[in-house]
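Notes for the structure review
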Amino acid sequence: MKTFRIGGIHPKENKFSAGKKIQTIELPKQVVIPLSHYIGTPSEAVIKKGDLVKVGQLIGKANGFISANVHSSVSGKVTKVDVQLDATGYKRPAVFIDVEGDEWLENIDKSSDIVRECTLPKDEILRRIQDAGIVGLGGATFPAHVKLTPPPGKKAESVIINAVECESYLTNDHGLMLEKAEEILIGIKIIMQVLDVKKAFIGIEANKPDAIKLLSNLAKNYTGIEVVPLKVSYPQGGEKQLIDAILRRQVPSGKIPIEVGTVVQNVGTVFAIYEAVQKNKPMIERIVTVTGKSAPNPGNYRVRIGTMLSELALDAGGVPEDTGKIVGGGPMMGRSLMTLDVPTAKGSAGILYIQKQESIRKPIQNCIRCTKCVTVCPMGLEPFLLMNQSERNMWPEMEANRTMDCIECGSCSYTCPSNRPLLDYIRFGKTTVGGIIRNRAVK
Amino acid sequence: MNLILISLITLGAVGAVSAIILFFVAKKFHVYEDPRYDEVEAALPAANCGGCGFPGCRGFAVACVEAESLEKLNCPVGGNETMQKVATILGKTVAEAAPTVAVVRCGGTCDHRPRTSDYDGVKHCFIAHNLFSGESGCSFGCLGLGDCEVSCEFDAIHINPATKLPEVDEEKCTSCGACVKACPKLLIELRKKGPKSRRIYVSCRNEERGPIAKKSCDVSCIACTKCEKVCPHEAITITNNLAFIHDDKCTLCRKCVEVCPTNAIVELNFPPRKIKEPISSEAELVS
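Model, not experiment: these values are computed from the prediction.

1. With respect to the overall build of chain B
Regarding its fold elements, chain B presents 11 helices and eight strands. For chain B, the C-alpha radius of gyration of 28 Å lies well beyond 19 Å, the compact-globule estimate for 287 residues. Considered along the principal axes of its C-alpha atoms, chain B spans approximately 105 × 50 × 30 Å. For chain B, buried positions account for 34% of its 287 residues. A fraction of 58% describes how many contacts in chain B between residues 6 or more apart in sequence connect residues 24 or more apart.

Next up, the structure:
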């Protein structure tokens, strides 16, 4: 079985919620819809206090190239446009809506019927994806229409669908694949049409045999779509790692996948694209995994964007008593949350309860030069060196050692026998070096 | 015996020839250096802190000698005394600069600012700043992890374990600006030391609207504009929901300190106030 060639680790999978049906949680009384995304410029609010909105109505307009539209996920009255603490740990602009009923815009197809045919021209499809505010659901929330418009002179030969879900605990993509396989395949067809490519690969790790079987069977009816089972390894869900695993091509340092003739989209994004193009449904809900070793009811939940995570946690059985830390997202890439009173954003993949005894950081010891971090780094970097340079503020040296290539997967910190906070320091260096590079570009 | 003699002669000859070559090479490639560089450098405090904006005291000495006037050059560590010495060596004049000192613009002690979460990551302000906004509800306040303390070469700034806030030792602070650069929250500012070290400043950086700021910290600036109105010298401006006292206009009259409802404006080194009569009716009319 294929996998990527450099580095990688295999943390305990702990997929407690695997194979569970996706449950839809009750409509909350109030939602707080974030106007900013993980990356890019925050959207501009186009509604004001007191306005009545319907489900699917545009409330935030994209502001700049890397920015996406934001739509109301509920119907009701806008109470204010203000700042709200979100999962990034900072206060950012958001729209507060009091829920009244559940009234949808008329042009949205709410039914679960599968619409197979798509005869729209390429531009119209792209426009619909852009209008629907689709962003990558893999974590970075990069606007999908930007990714689907290759820069001039570049041509994609194939498209890769990221259904790897290499993070431990998380099962939201897995659940989606089991329930919406047909829709996902239609979504892939639409993407192939937009990019004008003949070949699509769906990369799925071998720990999801049911999804591999289901999608392989269905894919026989669609020409050009191939399911590629992959050996379980973290961080296979990284764009560059997945391309290496499937196509055996290396994306050069600092370049994007189109450089090697491919485009990667997350499977959740593909489903959102299907809904946007075929059903006119903007991105107003997503699937969130609520899990943890002592979680009362681990499972996958369909949540309207803007629902407070505290309400979701309550619906999923409450926070277990022995929780020491709550992580937004997976255990490797996720961020620890300051409070559960943060809204579900487009990029929120899960809530993970970590038990108290597990959550305590072990004391930092000296580097013993075991080179484990170098062995596991999927980008071929030297984490111990980068950490030392970051501690000593050696920015030019860090840049020369390709710190900007770091994908922040955390494999180095995970594997370090001395519990050194390698990623913390590298991320600090990355931010600083990134700032230096941007300043240089401005000059 | 013979062996020792031969070695001595050979080595001696090699040494003598090399010395002659080196002598001529040194003559040929001699670089003339202004002797005043060394003189000025000797007059400087040799702290090599970089507070002047040049790489070390030597760099500053070279800049002083090369510059036409000493107008924009200042050694914050040595102060006026050192600059006078430098001016005498170079035969130039230098204007007297008002001494400055670092002030920490956050008053959010543990009592004023209840903690809402616990941070157990790397004890480094910049890393914590990358991850989240802080352990309390205030996303502008001090993180209390001591990057400023590490950056200070003069042992002048220390985190007070009781308040978890940095405190500046005025005697030791040379206002080199290292802590200003080290603080990711931009809390530290170099302000005029003032007569008898008396200063007034707004000890808050919270740019949120009043009610939200007040909720997260008792001593935050809520931008009520009272100080702006009461100031007779127009030294206070309010931008982004935050008051700022311009130290070049402030006359230290302390009127703003009295009116501040949250005690966000701090006065330092003033003698204790005389107990005043209850607020007169005139003041009530004004407000």
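After that view of the structure, there is still more to cover.
2. Describing the overall build of chain A
What chain A contains, in helices and strands, is 14 helices and 17 strands. For 443 residues, the compact-globule formula gives about 22 Å, and the C-alpha radius of gyration of chain A, at 21 Å, lands near that figure. In terms of overall dimensions, chain A has a C-alpha envelope of 65 × 50 × 50 Å along the principal axes. Burial status across chain A gives 51% buried among its 443 residues.

3. Topic: the interface of chain B and chain A
Every contact between the two is made by 12 residues of chain B and, on the other side, 12 residues of chain A. Class assignment of the residues belonging to the side of chain B that touches chain A gives a composition of five nonpolar, six polar and one charged.

4. Quick look at the nonpolar core
Residues and elements named next belong to chain A. Of all hydrophobic cores here, the largest spans 185 residues; its most connected members are Ile 161, Ile 191 and Ile 273. When residues of this core are assigned to their parent elements, the largest contribution, nine residues, is made by helix 4 (residues 181-195). Leaving out residues up to four positions away in the same chain, Ile 191 has contacts with Leu 148, Val 159, Gln 265, Val 270 and Ile 273.

5. Considering unusual backbone geometry
Residues and elements named next belong to chain A. Along the chain, Tyr 234 connects to Pro 235 via a cis peptide bond; the corresponding omega equals 0 degrees. Looking at the secondary structure, you find Pro 235 in the loop between strand 11 (225-230) and helix 6 (239-247). Located in the positive-phi region is Asn 393, a residue other than glycine, with phi close to 55 degrees. Residue placement: Asn 393 occurs in the loop between helix 11 (383-391) and helix 12 (395-400).

6. A few points about the domain arrangement of chain B
Residues and elements named next belong to chain B. By domain assignment, chain B separates into domain 1 (35-90) and domain 2 (100-268). For domain 1 versus domain 2, the separation of C-alpha centres amounts to 31 Å. At the interface, six residues of domain 1 touch six residues of domain 2. For the side of domain 1 that touches domain 2, the per-class residue count stands at four nonpolar, two polar and no charged.

7. As for the sheet that holds strand 2 (residues 30-34) of chain A
Strand order in the open sheet formed by four strands is 2-8-7-4 (chain A), and the pairing between neighbours is antiparallel. Of all the strands in the sheet, just strand 2 and strand 4 (52-53) of chain A have a single pairing partner and so form its edges.

8. A word on the domain arrangement of chain A
Residue and element names in this part refer to chain A. Taken domain by domain, chain A consists of domain 1 (1-22 + 104-360), domain 2 (23-99) and domain 3 (372-442). On a C-alpha basis, the centroid separation for the pair domain 1 and domain 3 is 27 Å. Its residues assigned to classes, the side of domain 1 that touches domain 3 comprises eight nonpolar, six polar and no charged.

9. A closer look at the confidence of the model for chain B
With 95% of its residues at a pLDDT of at least 70, chain B reaches an overall mean of 87. Segment residues 280-287 of chain B is flagged for pLDDT under 50; beyond a separation of four residues in sequence, or across chains, it makes one contact in the model.

10. Concerning the sheet that holds strand 3 (residues 44-45) of chain A
All names here are of chain A. Read across the sheet, three strands follow the order 3-5-6 without closing on themselves; strand pairing throughout is antiparallel. Strands at the two margins of the open sheet, each flanked by one partner only, are strand 3 and strand 6 (70-71). With two bridges connecting them, strand 5 (residues 58-61) and strand 6 associate as antiparallel partners. If you follow Leu 58 over to strand 6, its bridge partner there is His 71.

11. Notes on the packing of helix 2 (residues 35-43) of chain B against helix 3 (residues 56-66) of chain B
Axis angle and axis distance: for two packed helices, these are the angle between their axes and the distance between the axes, and together they describe the pair. Residue and element names in this part refer to chain B. Interhelical geometry of helix 2 versus helix 3 gives an angle of 125 degrees and a closest axis separation of 8 Å. Here helix 3 runs oblique to helix 2, going by the angle between their axes. In terms of crossing hand, the pair formed by helix 2 and helix 3 is right-handed. Seen from helix 2, the contacting residues are Arg 36, Tyr 37, Val 40 and Glu 41; seen from helix 3, they are Cys 57, Arg 58, Ala 61, Val 62, Cys 64 and Val 65.

12. Concerning the environment of Val 40 of chain B
All names here are of chain B. Examined against the element boundaries, Val 40 turns out to sit in helix 2. On the basis of neighbour count, Val 40 is assigned to the buried category, with 23 C-beta atoms found within 10 Å. Separated by 20 residues in sequence, Val 40 and Phe 60 have C-alpha atoms that sit 8.9 Å apart. Apart from residues no more than four positions distant in its own chain, Val 40 is found in contact with Ala 61, Cys 64, Val 65, Val 86 and Ile 89.

13. Description of helix 4 (residues 79-90) of chain B
Between its first and last C-alpha, helix 4 of chain B extends 17 Å over 12 residues, near the 16 Å set by a 1.5 Å rise per residue. One or two steps after helix 4 of chain B, the chain reaches Gly 91 of chain B, where phi turns positive at roughly 70 degrees.

14. Notes on the pairing of strand 11 of chain A
Residues and elements named next belong to chain A. Across six bridges, strand 10 (residues 199-205) lies against strand 11 in parallel orientation. What sits directly across from Gly 203, in strand 11, is Val 228. Handedness of the crossover joining strand 10 and strand 11 through helix 5 (residues 209-219): right-handed.

15. Topic: the packing of helix 11 of chain A against helix 14 (residues 422-442) of chain A
All names here are of chain A. It is at 8 Å that the axes of helix 11 and helix 14 come closest, and there the two elements cross at 60 degrees. Here helix 14 runs oblique to helix 11, going by the angle between their axes. For helix 11 against helix 14, the interelement crossing comes out left-handed. Residues Pro 383, Phe 384, Leu 386, Met 387, Gln 389, Ser 390 and Glu 391 of helix 11 form the contact with helix 14, whose own contacting residues are Leu 422, Tyr 425, Ile 426, Phe 428 and Gly 429.

16. Some words on the environment of Val 95 of chain A
Residue and element names in this part refer to chain A. The topology assignment puts Val 95 in strand 8 (residues 91-99). On a C-alpha basis, the gap between Val 95 and Ile 360 in space is 35 Å, while along the polypeptide they are 265 residues apart. Discounting chain neighbours no more than four positions away, the residues touching Val 95 are Ile 33, Leu 35, Ala 45, Ile 47, Ile 59, Gly 60, Val 78 and Val 81.

17. Let's talk about the confidence of the model for chain A
Of all residues in chain A, 100% have pLDDT values of 70 or greater, and the mean over the chain is 91. Mean pLDDT across the elements of chain A bottoms out in strand 16 (residues 335-336) of chain A (88) and peaks in helix 10 (residues 372-376) of chain A (95).

18. Some words on the environment of Ser 111 of chain A
Tracing the chain through its elements places Ser 111 of chain A in the loop between strand 8 and helix 1 (122-131). Sequence-wise, Ser 111 of chain A and Ala 295 of chain A are 184 residues apart; in three dimensions their C-alpha atoms are separated by 32 Å.

Rules behind the numbers
- Residues numbered from 1 in each chain as written.
- Chains lettered and ligands numbered in written order.
- Predicted model: local features only at pLDDT ≥ 70, side-chain atom pairs only at ≥ 80, totals over all residues.
- Helix = DSSP H or I, 4+ residues; strand = E, 2+ residues; numbered from the N terminus.
- Rg over C-alpha atoms; globule rule 2.2 N^0.38 Å.
- Buried ≥ 20, exposed ≤ 12 C-beta atoms within 10 Å, placed from the backbone.
- Contact = placed C-beta atoms within 7 Å.
- Nonpolar A, V, L, I, M, F, W, Y, C, P; charged D, E, K, R; others polar.
- Core = buried A, V, L, I, M, F, W, Y, C linked by C-beta atoms within 7 Å.
- Domains from an automatic or database assignment.
- Pairing = 2+ DSSP bridges.
- pLDDT = per-residue confidence, 0-100.
- Axes fitted to C-alpha atoms, helices over the stretch in contact; angles between N-to-C directions.
- Parallel < 35°, antiparallel > 145°, perpendicular 65-115°, else oblique.
- Left-handed = near helix turned anticlockwise from the far one by under 90°.
- Expected span 1.5 Å × (residues − 1).
- Right-handed = clockwise from strand over helix to strand, strands pointing away.

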